Amino acid sequence: MSVKAFELVPVLGQDLLIGDKSWISVDCIECCGKNLYVATSDCCIYHFKLEEKASVSGRLAFTPTKQLHKYLGVKKAVNELKAASALNRLLVLCDNIVILMDMISLEPVPSGAKIKGITAFVVNENPVTGDPFCIEVCAISMKRKTVQMYTVHEDRVQLIKEISTPEQPVAMAVDGYFLCLAMSTQYIILSYNTGTSQDLFPYNSEDKQPIVKRIGREEFLLAGPGALGMFVTAAGISQRAPVHWSENVIGAAVCFPYVVALDEEFVTVHSMLDQQQKQSIPFRDGHILQDFEGKLILATSKEVYILVPLPLEKQIQDLLTSQRVEEALLLTRGARRNVPKEKFQGMYRRILQQAGFIQFGQLQFLEAKELFRNGQLDVRELMSLYPLLLPSTSTFIRSHPPLHEYADLNQLMQGDQEKITKCKRFLMSYLNEIRSTEIANGYKEDIDTALLKLYAEANHDSLLDLLVSENSCLLVDSIPWLEKHKKYFALGLLYHYNGQNEAALQLWVKIVEGQLQDTTRSDLFEYIVDFLSFCSNHELVWKYADWALQKNEEVGVQIFTRRPLDESQTSMNPDDIVNYLHKYKKAVVMYLEHLVFDRNVQKEKYHTHLAILYLDKVLELHSQSGSISEELISARRSLKNLLQHSNLYRVHLLLGKIKDTDLYMECAILHGKLEEHEKALEILVHKLKDFEAAEDYCLWNSNRKDSTCRQRLFHMLLALYLQPGVTSDALAMAGVDLLNNHAVEFDAVRVLQQVPDNWSIQLLSPFLTRAIRGSFHSKCTAELTSGLARSENLNYKYAKVKSRGNIITLSDKKVCQICQGFFTEPIFVRYPDGGLAHIQCTTKHHSLPATDQNFASRRNVMK
């Protein structure tokens, strides 16, 4: 694809150069700074001064001023011109002789220094001598297969090396120690320092003119086979892809990132970055193309031109205008080496941003996002495309010059609502990604407010996620926007985040009451209750508690039952809450259950209060219906559970309330709490006739007590079953079942004394079997325990005898291992490890572990 990278600007016309001498032609050119030298076919050298000026339109123009000309006095053509500004010398190759001339006067140096027998020469732009007062020249000698290296000073020339080549060189370039030579049949790389050479690729010098150009440090451009411009390093390898030019190329030069090629009809420009031809300029009869310090000069036989590169920024902008994003970015990255670092970074960021907007306009959102992020785009540039998205308080002004030509999203998408919706979805995604990154620093309020607007407009679920997390949404813009889109629940969340809890609750209550329409949450009432249960503003809690309890007592009471356990009870005292809940029968019961069962509050008044409420409900339900209802069963179950497991309620108070009722089970439990087990069991056995409940009573009443208590209760129950004068067949069978099911809980001897004489052995066989097994097990356990005790005692006796059998020597040199003092009397303590100590030291300063208490006190005679 084409791009205008260069403009062809005329410098010297025929009238200024050769006038009406049509037989004269331009043979070679040299340019050094403002000095332009032109050698013509009549062996004359012209010196011009070039002045560069920019027109009003920005185009460059060159004004040549002739300084003088010099006729060399021979009839041979000038083959090469090369200026050495450091020496103020002009090297002229004519008639196989290199002459040194003054750059200004064009007079030969007085010393007459020259190089003879030369067919071509080049100056080493990367010299190895290190001498600033000379230049290095590499020349092709007329001698067969020889290249010569010279140092050229102001008034003398010195041959420093002569290098043999495999064939006679035709053309060459030099860099440092490396020569790139075009032979008659192939190109080679030759190091004149080491003498090593490397063949590159063949070519035929009879078919085409060889091209060898140094384009950088240890890198050369060659005319390769197949109309390819080949890049070759001094190591003989290619690190760039070749460019494809015409078959008839006669000259080439590099102006990074372009390769410029000259043929008989055109100047073509090729990119070194993507190897594509970018520009073609008609140019007939051209035969010279040279690069002079970055200035490309072209010449026909009669005229001289300069190929002026357009500013890189303009080339890139032209590509962006044509929406050729990839080419623009490739050209920008390729220009990094030629632009100062700081300037490049700023330019590159801006180009990335522009490219991002182009991709955005084409709905290439992934590419656009990557370009925006890499270009560090101020996201407000993108947000400003969306009408009303930036906050009303924003002072943002778009970049100048602008990054794009769009007024807003409607213009960009030409009113296509489907495309606009896609753009909004992209912006939602992009803003959400960057809101927690460094890109958002400085304008997080703008980003979060824009996200809120987009989410609300699109009815997006992420609106709630945004508002319940840390955000910087501006109230002044967000409130009317949420109201406009009827997002009242979300507005309440925004109020809450900004500390306006009362405003939030007012909104939510209106939604629940149907005054505002918002279907965001179907469980909004439960949400409000949950919100109040964690609300630290207790005045607000008390204000809305009545509304919640009137709405639903079971749910509303959670305002108090779900409060944090670590909350201060100054204004949320349980006593105050209980008093407040008196008018709500269900709520007060649920709250007391919360205190008693969930929080395990050990206060008599709460347990008694809850028990009375349970009892009142049972009595009320009992009096209302003659039959037993599910509600009554549930109420009695709750009452029974509390009476059984709590020990804090006032038993006599409750007993007084139910003693004249038929709540026998509850009455039995209360007698049990008073340790009146006989009364309790009598009620269960004779009034309720619930033998299973009687057994359960014995079990739960003796729970966590010793076995004697349980045995006493079971014998008490058995006595009731076998009570003379009262016993019936049912009671007798209950007694048998009791013995057989709980044999381990009875004293067998007492049982045999209690049971009637007429009971058969078979009737009591399960009981007797278990009793005998239990007795035998007890006997075995006792014998085992006794045996283990005797064994342990024997071990202690053995250790004692063993410790007494050892000889202990106590002398005046022995010291106490605790106080380090000497022994003054033969009384000491010996540790199992053999250490000795004073008795008083052991008592005062040392406490032995249980395993080390086995030591001996001895009296020995001091030796």
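The shown structure was predicted, so the numbers you read here are calculated from the model rather than taken from an experiment.

Undergrad: Would you explain the overall build of the protein in this entry?
TA: Of the regular secondary structure elements, the protein holds 30 helices and 31 strands. Over its C-alpha trace the protein gives a radius of gyration of 55 Å, far above what one expects of a compact globule, namely 29 Å for 863 residues. On the principal axes, the C-alpha backbone points of the protein span a range of 165 × 105 × 60 Å. Taking the intrachain contacts of the protein between residues at least 6 apart in sequence as the baseline, contacts between residues at least 24 apart amount to 49%. Carbon and sulfur atoms form 50% of the exposed surface of the protein, whose accessible area is close to 44,800 Å². Across the protein, 94 positive and 102 negative side-chain charges occur, with their mean positions spaced 6 Å apart.

Undergrad: What exactly am I supposed to notice about the nonpolar core here?
TA: Generally speaking, nonpolar side chains in soluble globular proteins are found buried as a group. F360, L382, L431, W508, F560 and L581 are the most contacted members of the largest nonpolar core, which totals 145 residues. Apart from the residues within four sequence positions on either side, W508 is in contact with Y488, F489, G492, L493, L524, Y527, I528 and F531. Residues V269, L320, M347 and I358 belong to the second largest nonpolar core, which totals 35 residues.

Undergrad: Help me understand empty space enclosed by the protein in this model?
TA: Over the atoms, a rolling probe the size of a water molecule traces out where space has been left empty. Inspection of every chain in the model, using the stated rule, returns four cavities of 30 Å³ or more. Sort the elements by how many residues they give to the lining of the second largest cavity and helix α3 (residues 325–334) lands first, with three residues. Residue classes in the lining of the second largest cavity are distributed as seven nonpolar, one polar and three charged.

Undergrad: Would you mind showing me how to read the layout of surface pockets here?
TA: Its boundaries defined by the atoms lining it, the second largest pocket holds a volume of some 590 Å³. Lining the second largest pocket are 19 residues, and of these K585, K586, V589, L613 and K617 sit closest to its centre. Breaking the lining of the second largest pocket down by element, the ones donating at least two residues are α19 (585–598), α20 (604–624) and α21 (630–645). For the lining of the second largest pocket, the element with the most residues is α20, which contributes seven residues. For the lining of the second largest pocket, the residue count by class is seven nonpolar, four polar and eight charged.

Undergrad: Help me out: how do you make sense of the packing of aromatic side chains in this one?
TA: Geometrically, a pair of aromatic rings is defined through the distance of the ring centres and the angle of the planes. With the rule as written, the count across this model stands at 27 aromatic pairs. Arranged with centres 4.7 Å apart and planes meeting at 25°, the rings of Y187 and Y203 form a pair that is stacked. Taken as a pair, Y187 in strand β16 (residues 186–191) and Y203 in the loop between β17 (197–202) and β18 (212–216) lie far apart in primary sequence, 16 residues in all. No difference in accessibility class separates Y187 from Y203, as the two residues are buried. Between Y697 and W700 the ring centres are 5.4 Å apart and the planes differ by 80°, which places this aromatic pair in the edge-to-face class. Of this pair, Y697 and W700 are both found in helix α25 (residues 691–701), three residues apart, which corresponds to roughly one turn of the helix. Classification of Y697 by relative accessible area gives buried; the value is 1%. Judged by relative accessible area, W700 falls into the partly exposed class, the value being 22%. What links up through ring pairs into an aromatic cluster is the set F357, F360, F365, F372, F426 and Y430. Positioned above the aromatic ring of F231, the side-chain terminus of R240 is 6.0 Å from the ring centre.

Undergrad: Could you clarify how one ought to interpret the packing of helix α23 (residues 664–673) against α25 in this entry?
TA: In a packed pair of helices, the relevant descriptors are the angle between the two axes and the axis-to-axis distance. At a minimum axis separation of 12 Å, α23 and α25 run at an interaxial angle of 30°. With respect to α25, the axis of α23 lies roughly parallel. Viewed along their axes, α23 and α25 form a crossing whose handedness is right-handed. Seen from α23, the contacting residues are M665, A668, I669, H671 and G672; seen from α25, they are A693, Y697, W700 and N701.

Undergrad: What am I meant to see in the pattern of salt bridges here?
TA: Side chains that carry opposite charge are capable of pairing whenever their charged atoms lie near each other. In the structure shown here, the tally under the stated rule is 35 salt bridges. One network of salt bridges, with partners in common, ties together D274, K278, R324 and E327.

Undergrad: Even after reading the chapter, I still don't get the sheet that holds β18, so can you show me in this structure?
TA: One key point about sheets: their strands pair by backbone hydrogen bonds, in either a parallel or an antiparallel sense. If you trace the four strands from one edge of the open sheet to the other, you get β18-β19-β20-β21, paired in antiparallel fashion. Looking at strand neighbours, the two that pair on one side only are β18 and β21 (243–244), the edges of this open sheet. Sheet analysis places β18 next to strand β19 (residues 219–224), joined by four bridges and oriented antiparallel. Counterpart to R214 in the pairing with β19 is F220.

Undergrad: Please explain the state of the cysteines as it appears in this structure.
TA: Two cysteines form a disulfide when their sulfur atoms are joined by a covalent bond. Taken as a whole, this structure holds zero disulfides when the rule is applied. For C138, which is in no disulfide, the shortest distance to another cysteine sulfur is to C180 and amounts to 11 Å. For C138, a relative accessible area of 0% puts it in the buried group. C31 provides the cysteine sulfur closest to C255, a residue in no disulfide bond, and the two sulfurs are 14 Å apart.

Undergrad: Honestly, the environment of H582 in this entry has me stumped. Any pointers?
TA: Within the secondary structure layout, H582 lies in the loop between α18 (574–580) and α19. Separated by 440 residues in the primary sequence, H582 and M142 place their C-alpha atoms 124 Å from one another.

Undergrad: Before we go on, may I ask you to explain helix α26 (residues 707–721) in this structure?
TA: Since the α-helix turns once every 3.6 residues, residues separated by three or four places project in the same direction. Taking 1.5 Å per residue, 15 residues should reach 21 Å; α26 reaches 21 Å between its end C-alpha atoms and fits that length. Among all positions in α26, only C709, L713, F714, H715, M716, L717, L718, L720 and Y721 are buried. Where α26 is buried, its residues contact α24 (677–687), α25, α27 (729–741) and α28 (748–754).

Undergrad: When you look at the pairing of strand β7 (residues 89–94) in this model, what are you seeing that I'm missing?
TA: Looking along a regular strand, one sees the side chains alternate between the two faces of the sheet. Most of β7 sits inside the fold, with six of its six residues counted as buried. Side chains R89, L91 and L93 project from β7 onto one buried face, and the interleaved L90, V92 and C94 project onto a second face that is buried too. Judged from the six bridges that link them, strand β6 (residues 78–84) and β7 form a sheet pairing that is antiparallel. When the sheet's bridge partners are listed, E80 is paired in β7 with L93. Joining the antiparallel neighbours β6 and β7 is a turn of four residues, in which N88 adopts a positive phi near 60°.

Undergrad: Explain the packing of helix α2 (residues 312–321) against α3 to me, please; I cannot follow it from the model alone.
TA: Where α2 contacts α3, the axes come no closer than 8 Å and their chain directions differ by 160°. In this view, α2 runs roughly antiparallel relative to α3, as classed from their interaxial angle. Handedness of the α2/α3 crossing: left-handed. Mapping the contact onto sequence places L312, Q315, I316, L319 and L320 in α2 and E327, A328, L331 and T332 in α3. A per-class count over the contact of α2 with α3 returns six nonpolar, two polar and one charged.

Undergrad: Help me out: how do you make sense of the side chain of K453 in this one?
TA: The residue K453 is located in helix α9 (residues 444–458) in this model. You can call K453 buried: its relative accessible area is 3%. Within the structure, K453 has its side chain in polar contact with the side chain of D477 (distance 3.1 Å).

Undergrad: What am I meant to see in the pairing of strand β5 (residues 60–71) here?
TA: As paired elements, strand β4 (residues 44–54) and β5 share 11 bridges and run antiparallel to each other. What sits directly across from H47, in β5, is L68. Linking β4 back to β5 in an antiparallel pair, the connection comprises five residues, with G58 at a positive phi of about 95°.

Undergrad: Would you take a moment to explain the sheet that holds strand β14 (residues 171–175) for this structure?
TA: Strands sit in the order β14-β15-β16-β17 across an open sheet of four strands; the sheet is antiparallel. Where the open sheet ends on each side, the last strands, each with one partner, are β14 and β17. Within the sheet, the average angular offset between the axes of one strand and its neighbour, ignoring direction, is 15°. In terms of strand pairing, β14 meets strand β15 (residues 178–182) through five bridges, oriented antiparallel. The residue of β15 that forms the bridge with A173 is C180.

Conventions adopted
- Residues numbered from 1 in each chain as written.
- Predicted model: local features only at pLDDT ≥ 70, side-chain atom pairs only at ≥ 80, totals over all residues.
- Heavy atoms only, no water.
- Helix = DSSP H or I, 4+ residues; strand = E, 2+ residues; numbered from the N terminus.
- Rg over C-alpha atoms; globule rule 2.2 N^0.38 Å.
- Contact = heavy atoms within 4.5 Å.
- Areas by Shrake-Rupley, 256 points an atom, 1.4 Å probe, with all protein chains shown as cover.
- Lys, Arg positive; Asp, Glu negative; His and termini not counted.
- Charge placed at Lys NZ, Arg CZ, Asp CG, Glu CD.
- Core = buried A, V, L, I, M, F, W, Y, C linked by side-chain atoms within 4.5 Å.
- Buried < 20%, exposed > 50% of the residue type's maximum accessible area, 1.4 Å probe, protein only.
- 1 Å grid on protein atoms, 1.4 Å probe; cavity = no way out; pocket = protein on both sides within 12 Å on 5 of 7 lines; lining within 4 Å.
- Points joined across faces, edges and corners; volume = space filled by probe spheres on them.
- Nonpolar A, V, L, I, M, F, W, Y, C, P; charged D, E, K, R; others polar.
- Phe/Tyr/Trp six-rings, centres within 6.5 Å; stacked < 30°, edge-to-face > 60°.
- Lys NZ or Arg CZ within 6 Å of the ring centre and 35° of its normal.
- Axes fitted to C-alpha atoms, helices over the stretch in contact; angles between N-to-C directions.
- Parallel < 35°, antiparallel > 145°, perpendicular 65-115°, else oblique.
- Left-handed = near helix turned anticlockwise from the far one by under 90°.
- Salt bridge = Lys/Arg side-chain N within 4 Å of Asp/Glu carboxyl O.
- Pairing = 2+ DSSP bridges.
- Disulfide = S-S within 2.5 Å.
- Expected span 1.5 Å × (residues − 1).
- Polar contact = N/O pair within 3.5 Å; in protein donor to acceptor, adjacent residues only side chain to side chain.

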